[in-house]
Amino acid sequence: MTIFIREFRRIYSVRRMVIIVSMLIMSCVLYFNEQSGNVLYKQYSEVMERPDYEKIDWTSVGSGVTRLIQEREMYAADYTQNISQIISQAEKNLEIGIFSQKGSFSYHNQKKVIDDFTWLLEVTPEVINDSAVRTVFSYNYQIFFMLAAMVTIAAALDLNGKKSLGVILYAAPNGRYRLGVSRVIIICVSAMLISVIFTTAHILVGFGIYGGSDILAKPIQSIPEFAQFKYTVNIRQALVMYEGFMAGGLAVIGLFIWLMLSIFKNITVSVIIMAVLAGIEFLFFNLHAQSPILVLKYANILSLVMCKSWFPYYINVNVFNQSVGEMTVSGSFTGCMLIINSLLCVYVSGTRVLGTDNIFTRQEVGKYFNSNFVCVQVNVEAGENKVLTKKY
């Protein structure tokens, strides 16, 4: 716990906190500026917030807003019927050609549609003022600011930093492994904090612009973009799920950055490697829906970080000839990548020796130690010297 607290305080220095807060403010300002010109959503929100909504003289309301509200009312009224038609069509498909071949992907796909959409029959969407939530989900710059904040934290873990003299105290293997575990925890905690704080801040700014803070208990399917979201949760729960997926993607990115820096000890090489991998994953991210390797569209880091572009939708993916949802693929991939990257980071941290080659030959290190300590070099892993490890 001492190592964790020490590292947490070192990484979250005042300077880095100022940088991250500045990124948050810049992102919120850009979001506010982007929404300032969204006249249609503003007018829609003003109408939906009126207490006399049921008695409004629609001739006094703009045609664009009237049409939008009519579309939303029709969507809510016809929702159950539309879901029933999807289920009915899937049941009919099971009696036709390839869909009737048990064990095939097409068969599993139709069965999954029936199973998933049956849950949605319990949902009763409402016409709500959802402008804030919809605009936050469609706001793209937030992703880049969150990534920049995560990179700021991950880059601070580099052991070669001039202000990392404290890590020398943990140069024994046991100490290095404990240091590695502490840093993995710090990255995961940081990813969750960044995801929650950034998303919450933008939602609050959205509520300030459009109102509608009372919609969080409404079904997430009340938002048309989430019509086929198969989980019967409210908007608040869906936002928590979104933040969790986003945090998973950010944690994977953070661990990967730290791993590259630890292995290559060169930020330029690390950036080039990550850029190449990002390019490959971008190709996977844009795979056609009929591609036989469609699973790679969701089983990659880019999809995790860009989860707002696929989160609301229902798409079946072929894995081992089984039909699964994209959230299942991405969630499983997130978990596997977190475990693998965490173990690799701890291993690299534990096997990386901090010797005289990269620490004590530095002039600033020698000056610091000679001024404050009587320096003695001892092999604490041999013989009786092991007692010093436990004592100090």
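A separate point is the overall build of the protein chain. Along the backbone of the protein chain there are 16 helices and 2 strands. Across the 392 residues that make up the protein chain, the buried fraction comes to 46%. Taking all contacts inside the protein chain whose residues are at least 6 apart in sequence as the whole, residues at least 24 apart take part in 74%. When the accessible area of the protein chain is evaluated, it comes to approximately 20700 Å², of which 63% is carbon and sulfur surface.

Another point: the packing of aromatic side chains. Inspection of every chain in the model, using the stated rule, returns 9 aromatic pairs. Here the aromatic rings of phenylalanine 137 and phenylalanine 226 are separated by 5.2 Å at their centres, their planes lie at 65 degrees, and the arrangement is edge-to-face. One end of the pair, phenylalanine 137, is in helix H6 (residues 131-138); the other, phenylalanine 226, is in the loop between helix H8 (173-210) and helix H9 (235-264), and 89 residues separate them in sequence. Taking the relative accessible area as the measure of exposure, phenylalanine 137 reaches 10% and is therefore buried. Judged by relative accessible area, which is 2%, phenylalanine 226 ranks as buried. An aromatic cluster of at least three residues, connected via ring pairs, comprises Phe137, Phe226, Phe229, Tyr231 and Tyr242.

This brings us to the pattern of salt bridges. Opposite charge on two side chains allows them to pair when their charged atoms are near. Using the criterion set out here, one finds 5 salt bridges in the structure. For aspartate 116, the salt bridge goes to lysine 230, with nearest N and O atoms at 3.9 Å. Placement of aspartate 116 in helix H5 (residues 105-120) and of lysine 230 in the loop between H8 and H9 is noted, with a sequence separation of 114 residues between them. A relative accessible area of 9% means that aspartate 116 is categorised as buried. Ionic pairing is found between glutamate 126 and lysine 218, a salt bridge with its closest N-O pair at 3.1 Å. A residue pair is termed long-range when its members are at least 10 positions apart, and glutamate 126 in the loop between H5 and H6 and lysine 218 in the loop between H8 and H9 qualify at 92 residues. A relative accessible area of 34% means that glutamate 126 is categorised as partly exposed. When salt bridges with common partners are traced through the structure, they connect Lys112, Asp116 and Lys230 into a single cluster.

Let us look at a nonpolar patch on the surface. Residues Val181, Ile185, Val189, Leu193 and Ile197 make up a contiguous nonpolar surface patch of about 360 Å² in total accessible area. Here leucine 193 is to be found in helix H8.

Let's shift gears to the packing of helix H3 (residues 39-49) against H6. Direction vectors running N to C along H3 and H6 enclose 155 degrees, while the axes themselves pass 10 Å from each other. Classed by the angle they form, the pair H3 and H6 counts as roughly antiparallel. On H6, the residues touching Tyr41, Tyr44 and Ser45 of H3 are Ser131, Arg134 and Thr135. Residues that form the contact of H3 with H6 fall into these classes: 2 nonpolar, 3 polar and 1 charged.

Taken residue by residue, the protein chain gives an average pLDDT of 81. The fraction at 70 or more is 84%. Low confidence marks residues 159-167, where pLDDT is under 50. Its contacts with residues over four positions away, or in another chain, come to 23 contacts.

A packed helix pair is summarised by two numbers, namely the angle formed by the two axes and the spacing between the axes. In contact at an axis separation of 9 Å, H3 and helix H4 (residues 63-93) are set at 65 degrees when each is read in the N-to-C sense. The interaxial crossing formed by H3 with H4 has right-handed handedness. Counted together, Leu40, Tyr41, Gln43, Tyr44, Val47 and Met48 of H3 and Gly64, Val65, Leu68, Ile69 and Arg72 of H4 form the full contact between these two elements. Looking at the contact of H3 with H4, its residues break down into 8 nonpolar, 2 polar and 1 charged.

Moving on: the pairing of strand S2 (residues 322-325). Across 4 bridges, strand S1 (residues 316-319) lies against S2 in antiparallel orientation. When the bridges of S2 are listed, asparagine 316 appears paired with glycine 325. Remark: 2 residues form the turn of the hairpin made by S1 and S2, two consecutive strands paired antiparallel; phenylalanine 320 in that turn has positive phi of roughly 55 degrees.

Moving on: helix H2 (residues 14-36). Compared with the 33 Å implied by 1.5 Å per residue over 23 residues, the 32 Å span of H2 between its first and last C-alpha is a close match. Taken together, the buried positions of H2 are Arg16, Ile20, Met23, Leu24, Ser27, Cys28, Tyr31 and Gln35.

What follows is about the side chain of arginine 72. When you line up the elements, arginine 72 lands in helix H4. On the basis of relative accessibility, which here comes to 3%, the residue arginine 72 falls in the buried class. Among the polar contacts made by the side chain of arginine 72, one reaches the main-chain carbonyl oxygen of serine 222 at a distance of 3.0 Å. Setting aside residues up to four positions removed in sequence, arginine 72 forms contacts with Tyr44, Val127, Ile128, Asp130, Arg134, Ser222, Ile223 and Pro224.

Glancing now at the environment of phenylalanine 32. For phenylalanine 32, the location among the structural elements is in helix H2. The partly exposed category is assigned to phenylalanine 32, whose relative accessible area is 46%. Between the C-alpha atoms of phenylalanine 32 and valine 205, which are 173 residues apart in sequence, the distance is 7.1 Å. Once residues lying within four places of it in the same chain are set aside, the contact partners of phenylalanine 32 are Val205 and Ile209.

Reading the values: rules and limits
- Residues numbered from 1 in each chain as written.
- Predicted model: local features only at pLDDT ≥ 70, side-chain atom pairs only at ≥ 80, totals over all residues.
- Heavy atoms only, no water.
- Helix = DSSP H or I, 4+ residues; strand = E, 2+ residues; numbered from the N terminus.
- Buried < 20%, exposed > 50% of the residue type's maximum accessible area, 1.4 Å probe, protein only.
- Contact = heavy atoms within 4.5 Å.
- Areas by Shrake-Rupley, 256 points an atom, 1.4 Å probe, with all protein chains shown as cover.
- Phe/Tyr/Trp six-rings, centres within 6.5 Å; stacked < 30°, edge-to-face > 60°.
- Salt bridge = Lys/Arg side-chain N within 4 Å of Asp/Glu carboxyl O.
- Patch = residues over 30% accessible without salt bridge, like charges linked within 9 Å, V, L, I, M, F, W, Y side chains within 5 Å.
- Axes fitted to C-alpha atoms, helices over the stretch in contact; angles between N-to-C directions.
- Parallel < 35°, antiparallel > 145°, perpendicular 65-115°, else oblique.
- Nonpolar A, V, L, I, M, F, W, Y, C, P; charged D, E, K, R; others polar.
- pLDDT = per-residue confidence, 0-100.
- Left-handed = near helix turned anticlockwise from the far one by under 90°.
- Pairing = 2+ DSSP bridges.
- Expected span 1.5 Å × (residues − 1).
- Polar contact = N/O pair within 3.5 Å; in protein donor to acceptor, adjacent residues only side chain to side chain.

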